[in-house]
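Working through the structure, step by step
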Amino acid sequence: MHKLPSRGWGPWREEFYSLHSKSTSIEADHDYKFGIWHNVWIGTISNAIYDRWPNVWRWVTNLPPLHRRATRKLQKFFPNLR
């Protein structure tokens, strides 16, 4: 199993989620350029909200400011994403 790289400490701790589909490509990406750093605490809170209230989570996540921010991050890797 491939261990996720992490950086930071406490509430600033982040894990890297790779967008590669092959594990050999993930291991070869030493500069962590093809993926996204995600805050661990925010992810834990987001997962808890989704488990309890999935419709609220979908509504908040798809609000225009959050949707635009997520789309901008991914457009770096997928230029035709809308």
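Higher on the page you've got the structure.
These figures come from a predicted structure and were not determined experimentally. Counting of residues starts from 1 at the beginning of each chain's written sequence and follows it residue by residue. With the structure being a predicted model, the display of local features is reserved for residues of pLDDT at least 70 and the display and counting of side-chain atom pairs for 80 or more, all residues being used for whole-chain, interface and lining totals. Hydrogens are left out, water is left out, and the side-chain values use all remaining heavy atoms of the structure.

**Looking at a positive patch on the surface**
The residues that make up patches have over 30% relative accessible area and no salt bridge, and they are joined within 9 Å when like-charged or within 5 Å when they are Val, Leu, Ile, Met, Phe, Trp or Tyr. In this description, accessible areas are obtained by the Shrake-Rupley approach with a 1.4 Å probe, and a residue is regarded as covered only by the protein chains that are shown. By salt bridge we mean one thing: a side-chain nitrogen of Lys or Arg within 4 Å of a carboxyl oxygen of Asp or Glu. Charge convention: Lys and Arg are scored as positive, Asp and Glu as negative, and His as well as the terminal groups of each chain are ignored. Lys charges are placed at NZ, Arg charges at CZ, Asp charges at CG and Glu charges at CD. Taken together, the side chains of Arg 68, Arg 69, Arg 72 and Lys 73 define a basic patch exposed on the protein surface. Residue position: Arg 69 is located in helix α4 (residues 64-75). Numbering of helices and strands starts at the N terminus; helices are DSSP runs of H or I of at least 4 residues and strands are runs of E of at least 2.

**Some words on the pattern of salt bridges**
The full count for this structure, using the stated rule, is two salt bridges. One salt bridge connects Arg 7 with Glu 14, and the closest N-O pair in it is separated by 2.7 Å. For every residue, the accessible area (1.4 Å probe, protein chains only) is compared with the maximum for its type, and the residue is labelled buried under 20%, exposed over 50%, or partly exposed between those bounds. For Arg 7, a relative accessible area of 40% gives the class partly exposed. Among the salt bridges present, the one from Arg 13 reaches Glu 15, with a minimum N-O distance of 3.0 Å. Here Arg 13 falls in the partly exposed class, since its relative accessible area comes to 30%. Given a relative accessible area of 16%, Glu 15 falls into the buried group.

**Examining the sheet that holds strand β2 (residues 14-18)**
With antiparallel pairing, the three strands of this open sheet are ordered in space as β1-β2-β3. At either end of the open sheet lies a strand with only one pairing partner, and these are β1 (6-7) and β3 (35-39). In terms of strand pairing, β1 meets β2 through two bridges, oriented antiparallel. Considered in β2, the bridge of Arg 7 is made with Glu 14. At least two DSSP bridges between two strands are required for those strands to pair.

**Let's talk about a nonpolar patch on the surface**
Residues Ile 45, Ile 49, Trp 53, Val 56, Trp 59, Val 60 and Leu 66 make up a contiguous nonpolar surface patch of about 660 Å² in total accessible area. Of all the elements in the fold, those that place two or more residues in the nonpolar patch are α2 (40-52) and α3 (54-61). Looking at which element gives the most residues to the nonpolar patch, the answer is α3, with three residues. Residue classification places Ile 45 among the exposed residues on the basis of a relative accessible area of 52%.

**Details of the packing of α2 against α3**
Where α2 meets α3, the axes come as close as 5 Å, and the angle between the chain directions of the two elements is 130°. Classified by the angle between their axes, α2 and α3 sit oblique to one another. Contacts from Ser 46, Ile 49, Tyr 50, Asp 51 and Arg 52 in α2 reach Pro 54, Trp 57 and Arg 58 in α3. Axes here mean lines fitted to C-alpha atoms, for a helix over just the part in contact, with angles spanning 0 to 180 degrees between N-to-C directions. Angle categories: roughly parallel below 35 degrees, roughly antiparallel above 145, roughly perpendicular from 65 to 115, and oblique for all the rest. Between two residues, a contact is recorded if the distance between any of their heavy atoms is within 4.5 Å.

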